[in-house]
Amino acid sequence: MAMSFQKPWFLARARRRFAMTRECALLLPRVCAALADPRQPGSDDTCLEKLLDWFQELTLFDSTVQLVQDNPCLTEFITSVLALPEPSPSILSFTLRLAGILAASENRFQHLQQEKLLARLFGRDGPPNSAVWEDASVRSGWVQGVHNMMHHQPALHLLCSGGGIDVIFTLQGDPSLFVASAASQLLVHMLTLSVESETTKPLSTKDCDWPACAQMIIKRIEDSLQSSSASHIEQSLKLLTSLFGSCRATWTEVLWLGVAKQIESFLTEETVQVQHMLANLLLNMAWSPVFRDTEGSFWALVTSALEHLTPVQAGPLAVGILRLYKCPQDVRIQALTVLLQPMDCILRAASQPLEYAGLLDESVSDPVTVESLLSSRSSCANLLCQTLAHLEQLLSLSRLPVDLPYTSLLRSLMTILQFCNGFLSPASPLGSTISRILINCFRVQRSALDVLAALSERKGSDTLIGSLFDLLLAYLESPNTSPTVLKKTFQATSKWLVRLQELSCSNSQGQQTEKILEDVFLVLQKRLCSPCWEVRDSSLEFLTVLIKCLRDQDEFRQSLLSSEVPRLTENLLEDPESYVRASAVTAVGHLAFITYFAPESPVVGNQYNKENTVAKLQEILSTDPEGFPRRAVISIFIKWLRQGCTGQLEDTEQFVSRVIQTVEHDLDWEVRLGGLELIEVFCSQTICQLGLPQCPYAPVSSAVTSSIHWNESLQVFCRAKLFSFLFRSLCDCDKPVGQRACDVLLGLKSNFYPVSTLEGSQGTGDSAVGHGIAWLQRTLRQGSLAQNFPTDGSNGVDFQDPENMMLALGAVELEELHDELNRSSDHVEKSPQSLLQDILATVGTIEENEADCY
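Small disclaimer: the values here were computed from a predicted structure and weren't measured.

(A) Representation of the overall build of the chain. Secondary structure assignment for the chain yields 43 helices and 0 strands. By the burial criterion, 51% of the 854 residues in the chain qualify as buried. Sequence-distant contacts, at least 24 apart, represent 72% of the contacts inside the chain between residues at least 6 apart. On the chain, roughly 39,500 Å² of surface is accessible, and the fraction owed to carbon and sulfur atoms is 50%.

Written out as structure tokens, the structure is:
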């Protein structure tokens, strides 16, 4: 379908771009003949999918009949497949989808109709009445073919008059979920197309006002909803859910008014159990302005649903309502009550009489229902995990449309976690039952800890912070805490430690903060020595997060450095598990910001320790057999360099040079890519320090001054041996490395060759250097075939000579290389011509091979 913003010039250009080439037009008849020949082996399904994609492109901007007129082999192919007594299911499915693509334009539709093809494909005597219909791929192809052509009224009339509506409604119950879903989507599309293309006046609830096709679909929906078949009712509810989710037109309200009473009855219906379908339906309607902005019966139905649906069914509806910013206040309060009811029940079960304020003043549904679900081993964890997931969704919103009782919610979360680890012995029978069910329930623990972490960012939950850290420390210390739960506990603890620091800055909680930090590091020391590698890994990640967030806080730095954590962390650089070594590298790298790089580092023997740590990391970079630790090292070195932690320019030059000479031989492409990022940062910082303008178009003060800057920068880069790695990386077998190297070189070229001096890059002449640059240009054009080419100067290019590199930057066609590297590696193989040749080769009909494989 043509889009409104498409101008004539745009369409003309698009048609030219996507037009069929002469070579493809010559190959297409042979491809069609081969595909229609039952004696030929079946073509690869992937090739058929690509062929359909090509036809989609051909027809996207061209609605004329020219494609089928110029290529009669297409209609001949469809005719041949229809004439086969037992066509291959894959070929028939392909044919149906192809016919739909061709018939998407009204002009081509009429042409195919004149050939009497569409009625045979999509009419009542077509594939639905043949034996091959048993194959799901044929049914899927039929639905997709109909959907492809459903862009105009003649297609609607063909389906409605040919019995197609009945077929599609039947396919809604297809055993293939893919076919059933596609059929439902097709009905939504057809209903929308019928109403919006055939209606001339506003609709009412009278049947006669609906267009014929829409009337047929709506009648089937109403009949299904009034039937006693649960499957038919579910299919119609799915269809309506999809319709209200995708269409926001006012006529959807007219449709709804015709079925509202019947759907409302399902809330209390006992003979047909379809209540689980209603939450999604009502939620999609609530997001539509057609229903959301009304004060009528819709919100009353939502209120009734929140009351009558089970807690598990009502939960998704409740959280969806709470995410809406436009919603009646009474409905929002009711939704919040439904969501919090299980958490309130947990609080009440923990102590009787209730010691603290509950979450709710009153319940929407009978509290006994929630209590019975929480008392059952089969439903307790499911209900709590669903509730906790919904609370996390709500807390993730930047602005909550509803006020949550944070203190009571936090107390309820702590109670759940105490139940799970056996820290609480409730007096009530209900509490004892829940406690027995939840003991060591990892699912609930992980979900509760996620919500606990999210709560740290909300004000109003600070009064319980002491008790909260007692609980978190108990989890961190307990040998019963599983590695996955421990990881979540670390995440929640780090979030609350950040919150604790914010509080200690605003009030006199310094002593409490110091004690909590001391306890945390004591536990961390033990966990860093755990025999379980996952625990050691999580502990190091936790430490890294803490340093990132709290390294500027005096209390944190003092507590950390007075513990054994730094020493134990450094020991783990030699851990037998590569994941742990990688995490240790990251942690040690961040520790350095406190121990070595801080303005007034408190560590004694600072210089020795710093050099020792750098040497250890460089050793890992050059000798570790696994890629993860080496990647971590290069990432840390980049971070150090970005933050100016590697000393003066001379020291940084030596540091970068040593790293690059190690990295350029690494077998891991991500490490080499990291090396290029290190070079990029170093070059940018060096140029800034030496005063060369960043912008290639910036005015140059004088030729003498700028040449001094160029010469000085180039000398630094050449001494650091960067250019040999950069130019060799252009031929790297891993494309991201070549692309990054080209980007860095282009950046250097733009700095060293401002527009005003660009002509200086031309004409290397017949000198030895000129011949060397020409060799380099030829070598780079070979791409990965020339990887690891010599950079020792034997070919006339000295990669450590500033003059040579200045000439190379100007002479080498880096822009052309950039385009080549960014072009898809399979751009030739993806061409339509290559695809057609592949299909012919697959079915064995190419008579002359263009290349001898021997």
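Having seen the model, we can carry on.
(B) Layout of a nonpolar patch on the surface. A cluster of nonpolar side chains, contributed by Trp 533, Tyr 579 and Phe 628, occupies part of the molecular surface with about 270 Å² of accessible area. Along the polypeptide, Trp 533 turns up in helix H29 (residues 533-550).

(C) Representation of helix H11 (residues 164-171) within the structure. Judged by how many residues are buried, H11 sits mostly within the fold: 6 of 8 residues are covered. Within H11, burial applies to Gly 164, Ile 165, Val 167, Ile 168, Phe 169 and Leu 171.

(D) Examining the packing of helix H19 (residues 311-322) against helix H20 (residues 329-350) more closely. For the pair H19 and H20, the least separation of the axes is 8 Å and the interaxial angle reads 135°. By the angle class used here, H19 and H20 are oblique. Here H19 and H20 pass one another in a crossing that is left-handed. Residues Ala 314, Ala 318, Ile 321 and Leu 322 of H19 form the contact with H20, whose participating residues are Val 331, Arg 332, Ala 335, Leu 336, Val 338 and Leu 339. Per-class residue counts for the contact of H19 with H20 are 9 nonpolar, no polar and 1 charged.

(E) Main features of the nonpolar core. Membership of the largest hydrophobic core comes to 285 residues, with the highest contact counts inside it found for Trp 142, Ile 321, Phe 723 and Phe 727. In terms of residue count, H20 provides more of this core than any other element does, 11 residues in total. Look past the residues within four positions of Trp 142 in its chain and what remains in contact with it is Leu 96, Leu 121, Phe 122, Pro 127, Pro 128, Trp 133, Leu 159, Gly 164, Val 167, Ile 168 and Leu 171.

(F) Main features of unusual backbone geometry. We note that Lys 116 has phi near 60°; this positive angle belongs to a residue other than glycine. With respect to the helices and strands, the residue Lys 116 is situated in the loop between helix H7 (106-114) and helix H8 (118-122). On the accessibility criterion, Lys 116 (59% relative accessible area) is exposed. Located in the positive-phi region is Lys 721, a residue other than glycine, with phi close to 60°. Examined against the element boundaries, Lys 721 turns out to sit in the loop between helix H37 (703-719) and helix H38 (722-729). For Lys 721, a relative accessible area of 30% gives the class partly exposed.

(G) Quick look at H38. The buried fraction of H38 is high, at 8 of 8 residues. Leu 722, Phe 723, Ser 724, Phe 725, Leu 726, Phe 727, Arg 728 and Ser 729 are the residues of H38 that are buried.

(H) Just the packing of helix H9 (residues 136-149) against helix H10 (residues 153-161), in detail. Their axes nearest at 9 Å, the elements H9 and H10 cross at an angle of 145°. Two secondary-structure elements touch here, H9 through Trp 142, Val 146 and Met 149 and H10 through Ala 155, Leu 158 and Leu 159. Its residues assigned to classes, the contact of H9 with H10 comprises 6 nonpolar, no polar and no charged.

(I) Representation of the side chain of Ser 729 in the model. Secondary-structure assignment places Ser 729 in helix H38. A polar contact of 2.7 Å, which involves the side chain of Ser 729, links it to the backbone oxygen of Phe 725. Ignoring anything within four residues of it in the chain, the contact list for Ser 729 reads Leu 676, Val 737, Gly 738 and Ala 741.

(J) Just the pattern of salt bridges, in detail. The tally for this structure, following the rule as stated, stands at 25 salt bridges. Note that Arg 39 is salt-bridged to Asp 37, the shortest N-O span being 3.0 Å. The residue Arg 630 makes a salt bridge to Asp 666 at a minimum N-O spacing of 2.7 Å. Separated by 36 residues along the polypeptide, Arg 630 in helix H34 (residues 627-642) and Asp 666 in the loop between helix H35 (649-663) and helix H36 (669-690) bring together distant segments of the chain.

(K) Structural view of the packing of aromatic side chains. This structure, assessed with the given rule, holds 21 aromatic pairs. Judged by centre distance (5.2 Å) and plane angle (45°), the rings of Trp 54 and Phe 55 are tilted. Each member of the pair Trp 54 and Phe 55 is classed as buried. Note on Phe 77 and Phe 94: the rings are 5.9 Å apart at their centroids and 65° apart in plane angle, and the pair reads as edge-to-face. Of this pair, Phe 77 sits in helix H5 (residues 73-83) while Phe 94 is found in helix H6 (residues 89-102), placing the two residues 17 residues apart along the sequence. Through a chain of ring-to-ring contacts, three or more aromatic side chains come together here, namely Phe 244, Trp 256, Phe 291, Phe 298 and Trp 299. The ring of Phe 593 has Arg 551 lying over it, and the distance from NZ or CZ to the ring centre is 4.3 Å.

(L) The arrangement of a negative patch on the surface in detail. Together, Glu 813, Glu 816, Asp 819 and Glu 820 make up a negatively charged patch on the protein surface. Summarising the element assignment, Asp 819 is placed in helix H42 (residues 814-822). The exposure class of Asp 819 is exposed, given its relative accessible area of 53%.

(M) Structural context of the confidence of the model for the chain. For the chain, mean pLDDT is 86; residues scoring 70 or higher make up 87% of the total. Below a pLDDT of 50 lies the segment residues 693-706, which in the model reaches 13 contacts outside its immediate sequence neighbourhood of four places, other chains included. Across residues 755-762, where pLDDT falls below 50, the model places 11 contacts with residues more than four positions away in sequence or in other chains.

(N) Main features of the environment of Leu 500. In this fold, Leu 500 is placed in helix H27 (residues 483-506). Note on Leu 500: relative accessible area 0%, which makes it buried. Note: C-alpha distance between Leu 500 and Ser 456 (44 residues apart in sequence) is 9.3 Å.

(O) The arrangement of the environment of Thr 192 in detail. Turning to its location among the elements, Thr 192 is positioned in helix H12 (residues 177-198). For Thr 192, a relative accessible area of 17% corresponds to the buried category. Each C-alpha atom, one on Thr 192 and one on Ser 246, is 9.8 Å from the other, the two residues being 54 residues apart in sequence. Leaving out residues up to four positions away in the same chain, Thr 192 has contacts with Leu 243, Cys 247 and Trp 251.

(P) Region of the structure containing the side chain of Arg 536. Its location among the elements puts Arg 536 in helix H29. Judged by relative accessible area, Arg 536 falls into the buried class, the value being 9%. Not counting residues up to four positions away in its chain, the partners in contact with Arg 536 are Arg 527, Leu 528, Ser 530, Pro 531, Leu 572, Asp 575, Glu 577 and Val 580.

(Q) Geometry of the environment of Glu 574. Note that Glu 574 resides in the loop between helix H31 (565-571) and helix H32 (578-595). You can call Glu 574 exposed: its relative accessible area is 67%. Along the sequence, Glu 574 and Lys 616 sit 42 residues apart, while their C-alpha atoms lie 9.8 Å from each other.

About the thresholds
- Residues numbered from 1 in each chain as written.
- Predicted model: local features only at pLDDT ≥ 70, side-chain atom pairs only at ≥ 80, totals over all residues.
- Heavy atoms only, no water.
- Helix = DSSP H or I, 4+ residues; strand = E, 2+ residues; numbered from the N terminus.
- Buried < 20%, exposed > 50% of the residue type's maximum accessible area, 1.4 Å probe, protein only.
- Contact = heavy atoms within 4.5 Å.
- Areas by Shrake-Rupley, 256 points an atom, 1.4 Å probe, with all protein chains shown as cover.
- Patch = residues over 30% accessible without salt bridge, like charges linked within 9 Å, V, L, I, M, F, W, Y side chains within 5 Å.
- Salt bridge = Lys/Arg side-chain N within 4 Å of Asp/Glu carboxyl O.
- Axes fitted to C-alpha atoms, helices over the stretch in contact; angles between N-to-C directions.
- Parallel < 35°, antiparallel > 145°, perpendicular 65-115°, else oblique.
- Left-handed = near helix turned anticlockwise from the far one by under 90°.
- Nonpolar A, V, L, I, M, F, W, Y, C, P; charged D, E, K, R; others polar.
- Core = buried A, V, L, I, M, F, W, Y, C linked by side-chain atoms within 4.5 Å.
- Polar contact = N/O pair within 3.5 Å; in protein donor to acceptor, adjacent residues only side chain to side chain.
- Phe/Tyr/Trp six-rings, centres within 6.5 Å; stacked < 30°, edge-to-face > 60°.
- Lys NZ or Arg CZ within 6 Å of the ring centre and 35° of its normal.
- Lys, Arg positive; Asp, Glu negative; His and termini not counted.
- Charge placed at Lys NZ, Arg CZ, Asp CG, Glu CD.
- pLDDT = per-residue confidence, 0-100.

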